[in-house]
Amino acid sequence: MLSPFNRLLNSNDIPTEEETIDVQTYCSEIETRREAIRKRLKELDIERAALKRDIDALEEQYSLTAHKSILSPIRRLPTELLQSIFSISSPKAPVLSCREAPLIYGHVCSRWRSISLAMPELWATLHVVIPRPMPFPDSEPELLDRLTLAITEWVCRAQELPLDLRMVSNERRPEDASYAFSILCLVLLNYGKRLKGLRLDIPSFMMNCLIQLPLEELPLLASLEVSVSDYSAPPILSNTFVDVRSLPSLRKVSFNTFCVDLRTQLPLAQLTHLDLRCTDNWCSNTPELISVLGKCEQLVDCRVAAVDSHEDMEPFVCDGPVTLPKLQRLQISAFPYSIGGPVGILNLCDFFNNVNTPLLEVLKVNINSRSFGYGPPSDEVFYCIQSLFERCLPPLHTLKLGFGLPRVVNPADAIPQCLRRVPKLRKLVMEEDICPWDRNFSGAGHPRLSAQVLECLTITPDTVTAVCPVLEVLRLNDSFAFSEDAIHNMLKSRSESPPASGLVALRDVSITTRRKLCEEISALPFVKVSYEPYYTNSRDYGRDWSDHWRY
């Protein structure tokens, strides 16, 4: 700091009378200069305000911003390009909200609104969540009128295109469901002839609306997805579900949480997609399921989720193997058996031993009953899958295996044998539910299924025929089921293989783990490691719903 009084500033000496007069003169000069600057700033503020008023006057008089918008790049986009942008950015299941597409397009400008209204394909799909009436008089008729008007206007904008409607209701008591039932019946009866896809997530006591619907009113219906939103649904709803065997266009059927009579209520011969996620309400055993699938000659995609077999069950007897000549994607899951559960049981061994899939490309198997000690051991199930591969030689390119703790401590190499039968496999997903605090856990690196898979995938100098030579994508869910050395050796051998060997190098590997892996694994450019903590607490656990629920 430059000052003629540095000695006084850096000490506590008492200034002399002469020094006191000099300091006062010095401060007075500085204060005078500061006041002059402040006065100049006020003059500039006044001048700036005047200039700003001139700018606002020019903007108001000549609309400069409006004229500049004429030159905006977005304005020069051709209509065809905007239509493509609208189609790509619109959600698959749009809702009645001005904050989402396609309604939000009409809030930008008149041109965008005109373009969106001229695209009926934007309005051919609608997802409606039926709100509950408010607890005050006359709220139900008002909601009914407003929602009916909104749905009618939406459907009118679709012009003559076939419709894909999704209706959701979370009513819990029949006496409160009259409003939702009226909306549902109104949509089905008024627009049934135009329905191409129908997805219902409604309580079981509202299924009667389907019985009132004449089948001749659904000539275009190609997809039917029904799930029950109340957890007290009866196991089977044959008496309250419409017989859809006469629908000429029906190709996709999905049932969640409940099941109808598959043999008498569905057009099995024409189905291409079948989704049965019935879990605890499964009411068909393995032979019946195989018999039903045998009648689905056009089936391309099949998903089954049911209860696994248990020790006290009598063995099932199947009439014989069936062939699904066009099946390309199969996802099958077995859940734990519970006492007092459903009558129907899915036995995975019987299923894979009696089904032939010569064109299967994607197989996803999930076994979640091992920790309960029921059903066949995991290795036995995979031996049956191996038998399926040997019989059919499918062109499988994606395989996902999710399973719990096997019942046997030292399982045989069932999964490696499966992998040797699918040389065209490009994506492999392994999920093994083994935790170090489990009573059956015997230490990291114990030779369980995942460790054996890594060993068989490792390429060594002595390898004659590589397993899965074109494997490119690998997903591993690590729960201490294999050692770090096994992972590192496999990844290194699959990434450094010379092109002349005929092997395709791994390009995408994802490992989810609870332990800290070595840097050699994390440093590989094609490997992504995701760490999960040992203990996780939900942010909502133990808190009142009002603390975290936001509208």
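Look a little higher up for the structure.
Residues numbered from 1 in each chain as written. Predicted model: local features only at pLDDT ≥ 70, side-chain atom pairs only at ≥ 80, totals over all residues. Heavy atoms only, no water.

### Structural notes on the overall build of the chain
- Along the chain, the regular secondary structure elements total 17 helices and 16 strands.
- Across the 551 residues in the chain, those meeting the buried criterion constitute 42%.
- Partitioning the intrachain contacts of the chain with sequence separation of at least 6 by distance along the chain shows that 75% fall at a separation of at least 24.
- Roughly 30,300 Å² of accessible area belongs to the chain as shown, and the carbon and sulfur atoms make up 54% of that amount. (Helix = DSSP H or I, 4+ residues; strand = E, 2+ residues; numbered from the N terminus. Buried < 20%, exposed > 50% of the residue type's maximum accessible area, 1.4 Å probe, protein only. Contact = heavy atoms within 4.5 Å. Areas by Shrake-Rupley, 256 points an atom, 1.4 Å probe, with all protein chains shown as cover.)

### Observations regarding the packing of aromatic side chains
- What the rule picks out here adds up to 5 aromatic pairs.
- With 5.3 Å between their ring centres and 65 degrees between their planes, F86 and W112 make a pair best called edge-to-face. With F86 in helix α4 (residues 79–89) and W112 in helix α5 (residues 110–117), this pair connects stretches of sequence that are 26 residues apart. W112 carries the same exposure label as F86, and that label is buried.
- Here the aromatic rings of F351 and F352 are separated by 5.5 Å at their centres, their planes lie at 85 degrees, and the arrangement is edge-to-face. Accessibility assignment for this pair places F351 and F352 in one class, buried.
- Here the aromatic residues F86, Y105 and W112 are joined through ring pairs into a cluster of three or more.
- The positively charged end of R157 is found above the aromatic ring belonging to W123, 4.7 Å away from the centroid. (Phe/Tyr/Trp six-rings, centres within 6.5 Å; stacked < 30°, edge-to-face > 60°. Lys NZ or Arg CZ within 6 Å of the ring centre and 35° of its normal.)

### Some words on the pattern of salt bridges
- Considering all chains together, one arrives at 13 salt bridges under this definition.
- The residue R34 makes a salt bridge to E31 at a minimum N-O spacing of 2.5 Å. Separated by 3 residues within a single helix, R34 and E31 lie in helix α2 (residues 17–62), roughly one turn from each other.
- Judged by its relative accessible area of 33%, E31 is partly exposed.
- Salt-bridge contacts for R40 lead to E43; the nearest nitrogen and oxygen are separated by 3.3 Å. One end of the pair is R40 and the other is E43, both in helix α2 and 3 residues apart, which spans about a single turn.
- Take R40: its relative accessible area is 45%, and that puts it in the partly exposed class.
- Residues participating in the shared-partner salt-bridge network are R199, E225 and K252. (Salt bridge = Lys/Arg side-chain N within 4 Å of Asp/Glu carboxyl O.)

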